[in-house]
Amino acid sequence: MNQTALRTSFINELKASIKLGSPLILTNLAQVALLTTNLILIGRLGKTELAAGSLSASFYHAFMIFSLGLVSATIPMLATTIGKKRSNVREVQQIIRHGFLTAFLVCIPFWFALWHADAVWIALGQNPDTIEHAIQYVRTVQWSLLPYLGYIVIRSFFAALEKPLWTLIIAIAGICTNALFAWLFIFGHWGLPTMGIAGAGLATTLTNLLMFVGMVVLTFKHPLFHRYQIFMNFWQWNTQRLIGMWKLGIPIAITFTLETLVFYAAVLMMGSIGDTSLAAHAIAMQISSVTYMIPLGFGQVATIRVGLAMGRASPKDAVQAGWISYVLGVGFMAIAAGVMWWQPEILIHQFIDASAPENRAVIITAVQFLFFAALFQLADGAQAVAAGMLRGLYDTRTPMLLALLGYWGLGVPIGAFLAFGLDLEGIGIWIGFVAGLSVVAVLLTLRWWRHGQRLLERQEYA
């Protein structure tokens, strides 16, 4: 292939990645905005409520992220299937059908665990006042899990067809709806009872339900989606197919969960240090969660574009698609790190009243945490996109083991030692984040590079 053809291929892939990635990223941001909106409004209730919101949101998020990883197996499966033969309606139906079944099955034990979250927090020595508020939130937000997962399954279908714009429209509507509902239920406006922190969870549950319904309506109304008839023969399930989906999805789910539990472990350690550290950590983590949605989106782009290329039996296109997503994701995180260093106070003031003297200690601590959050932005972006690239090749087991090594073999022990052994407290925990995440990012990137070399050699000698 000559230089002109290479340049044309690169530009075309770059355009396709940005076109697909923009709605996916904005949709991810919209999902984070639901919980972010809740925390912003909960923060107006006080420091104890904000700490409780962080504790319960992090606990719920751990279960949500495992479930998300499990049903995310539908993305590479749909991408490869559609890349191989776009008109393969029956296979697409099978994948989506078992994605819905997976969502329902995983919710049953998770609902039980979330309902009894207070027993876990008591055993872990959390503040009783914080627990009292946190359990109110988690017992209302837990019911949002099933409609959220149903939304994700249909979103995977839209994305594999490279038509994610409709998902974005529904997500934006969801942000507005959640903000309205949370404002009404938390503070009791328009004659409604004042529910406090529990109202935030109810708002998110109703919003996710409406978003799922909106996606279902689209599958019937839009001509492209309707032709796949994804709800046809809905009750015809196959055990072997379900097992195959779980074999691919469980390592993804565990990888997602290992990373998430690192941050939840940090929440528990921060809670042991005190409410000031916990509230500051909640702010820093929420800001980091927002920036993370961009490389996560490009990771999803990589999974889809790599999967489509492999379905077409075009390894060279798959390698190119992966690296383009990688550069886009890591490049954005470099910008995000600069903003966190340059103007941390502006970001922090969105979550807490800066004029209140009692909040000053929280703000000072949050600025310190954001410094270290900025340090791991590049590593966070690299590991998110690299994992997505590997999922496009159905490589999920080894990334899971690498995540276990980096997050729990290094990150948590280092953070705990620095926080409590050397009395660095919250700063030590964040240094542990940086160490663990950096190792995972380097190892996943190297694994993708080796895959890419093999694919290119195979195509060259084919």
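You'll find the structure just up there.
Remember, predicted model here, so these are calculated numbers, not experimental data.

### Description of the overall build of the protein
Item 1. Scanning the protein from terminus to terminus reveals 18 helices and zero strands.
Item 2. Rg of the C-alpha trace for the protein: 22 Å, near the compact-globule value of 23 Å for 462 residues, within the 12% margin.
Item 3. The burial tally for the protein puts 58% of its 462 residues in the buried class.
Item 4. Sequence separation of at least 24 residues holds for 84% of the intrachain contacts in the protein that already meet a minimum separation of 6.
Item 5. Total accessible area on the protein is roughly 18700 Å²; 67% of this is exposed by carbon and sulfur atoms.

### So, the side chain of serine 67
Item 1. Relative to the helices and strands, serine 67 is located in helix H2 (residues 47-71).
Item 2. Relative accessible area serves as the criterion here: at 0%, serine 67 is assigned to the buried category.
Item 3. The residues contacting serine 67, other than those within four sequence positions of it, are Val106, Phe110, Leu145 and Leu149.

### Comments concerning a positive patch on the surface
Item 1. There is a patch of like positive charges on the surface, built from Lys19, Arg86, Lys163 and Arg227.
Item 2. The class for lysine 163 is partly exposed, based on a relative accessible area of 40%.

### Quick look at the packing of helix H3 (residues 74-84) against helix H12 (residues 275-311)
Think of two packed helices as two axes; the pair is described by the angle between the axes and how far apart they sit.
Item 1. Relative orientation of the contacting elements H3 and H12 amounts to 35°, with a least axis distance of 7 Å. Relative to H12, H3 is oriented so that their crossing is right-handed. Taking contact as the criterion, the partners of Ile75, Pro76, Ala79, Thr80, Ile82, Gly83 and Lys84 in H3 are, on H12, Thr303, Ile304, Gly307, Leu308 and Gly311.
Item 2. Within the contact of H3 with H12, the residues separate by chemical class into six nonpolar, five polar and one charged.

### Description of the nonpolar core
Item 1. Judged by nonpolar contacts, the single largest core of 144 residues is most densely connected at Trp121, Phe157, Trp430 and Phe433.
Item 2. When residues in this core are grouped by element, the largest group, 15 residues, is from H12.
Item 3. In contact with tryptophan 430, not counting residues within four places along its chain, are Met270, His281, Ala284, Met285, Ser288, Phe369, Phe372, Ala373 and Phe376.
Item 4. Counting residues in each nonpolar core, the second largest holds five residues, with Val32, Tyr292, Met293 and Leu296 among its members.

### A short note on the pattern of salt bridges
Pairing between side chains of opposite charge can happen when the charged atoms of each approach one another.
Item 1. Applying the stated criterion to the full structure yields six salt bridges.
Item 2. Here arginine 241 and glutamate 91 are joined by a salt bridge, their closest N and O atoms 2.9 Å apart. One end of the pair, arginine 241, is in helix H11 (residues 239-273); the other, glutamate 91, is in helix H4 (residues 89-115), with 150 residues separating them in the sequence.
Item 3. Classification of glutamate 91 as partly exposed rests on a relative accessible area of 23%.
Item 4. Measuring nitrogen to oxygen at the nearest pair gives 3.5 Å for the salt bridge that ties arginine 312 to aspartate 317.
Item 5. Overall, the relative accessible area of 44% leaves arginine 312 in the partly exposed class.
Item 6. On the basis of relative accessibility, which here comes to 27%, the residue aspartate 317 falls in the partly exposed class.
Item 7. One salt-bridge network, in which partners are shared between bridges, spans Glu13, Glu162 and Arg305.

### Thoughts on the packing of H4 against helix H7 (residues 145-160)
Item 1. Contact geometry of H4 with H7 gives a least axis separation of 9 Å together with a crossing angle of 160°. Overall, the two elements H4 and H7 adopt an arrangement that is roughly antiparallel. As for how H4 packs across H7, the hand of that crossing is right-handed. Contacts from Val92, Ile96, Gly99, Phe100, Ala103, Phe104, Val106, Cys107, Phe110 and Trp111 in H4 reach Leu145, Leu146, Leu149, Gly150, Val153, Ile154 and Phe157 in H7.
Item 2. For the contact of H4 with H7, the residue count by class is 15 nonpolar, two polar and no charged.

### Quick notes on the packing of aromatic side chains
Item 1. For the structure shown, the criterion picks out 25 aromatic pairs.
Item 2. Ring plane angle 70° and centroid distance 5.4 Å describe the contact between tryptophan 235 and tryptophan 237, whose orientation is recorded as edge-to-face.
Item 3. Of the aromatic side chains, those joined through ring pairs into one cluster are Phe100, Phe212, Phe220, Phe231, Phe234, Trp235 and Trp237.
Item 4. For arginine 139, the ring lying beneath its charged end belongs to tryptophan 115, and the centroid distance is 4.6 Å.
Item 5. Note that arginine 227 overlies the ring of tyrosine 228, its terminal NZ or CZ placed 5.1 Å from the centroid.

### Observations concerning H3
Item 1. Among the eleven residues in H3, ten count as buried, and that is most of the element.
Item 2. Each element contacted by the buried residues of H3 is listed here: H2, H4, H7, H11, H12 and helix H16 (377-391).

### Notes on the environment of glycine 188
Item 1. Assignment of secondary structure puts glycine 188 in the loop between helix H8 (165-187) and helix H9 (197-221).
Item 2. The exposure class assigned to glycine 188 is buried, which follows from its relative accessible area of 18%.
Item 3. Measuring from C-alpha to C-alpha, the distance between glycine 188 and glycine 388 comes to 42 Å, with 200 residues separating the pair along the chain.
Item 4. In this structure glycine 188 touches Trp183, Pro193 and Thr194, once residues within four positions along its chain are discounted.

Parameters and conventions
Residues numbered from 1 in each chain as written. Predicted model: local features only at pLDDT ≥ 70, side-chain atom pairs only at ≥ 80, totals over all residues. Heavy atoms only, no water. Helix = DSSP H or I, 4+ residues; strand = E, 2+ residues; numbered from the N terminus. Rg over C-alpha atoms; globule rule 2.2 N^0.38 Å. Buried < 20%, exposed > 50% of the residue type's maximum accessible area, 1.4 Å probe, protein only. Contact = heavy atoms within 4.5 Å. Areas by Shrake-Rupley, 256 points an atom, 1.4 Å probe, with all protein chains shown as cover. Patch = residues over 30% accessible without salt bridge, like charges linked within 9 Å, V, L, I, M, F, W, Y side chains within 5 Å. Salt bridge = Lys/Arg side-chain N within 4 Å of Asp/Glu carboxyl O. Lys, Arg positive; Asp, Glu negative; His and termini not counted. Charge placed at Lys NZ, Arg CZ, Asp CG, Glu CD. Axes fitted to C-alpha atoms, helices over the stretch in contact; angles between N-to-C directions. Left-handed = near helix turned anticlockwise from the far one by under 90°. Nonpolar A, V, L, I, M, F, W, Y, C, P; charged D, E, K, R; others polar. Core = buried A, V, L, I, M, F, W, Y, C linked by side-chain atoms within 4.5 Å. Parallel < 35°, antiparallel > 145°, perpendicular 65-115°, else oblique. Phe/Tyr/Trp six-rings, centres within 6.5 Å; stacked < 30°, edge-to-face > 60°. Lys NZ or Arg CZ within 6 Å of the ring centre and 35° of its normal.

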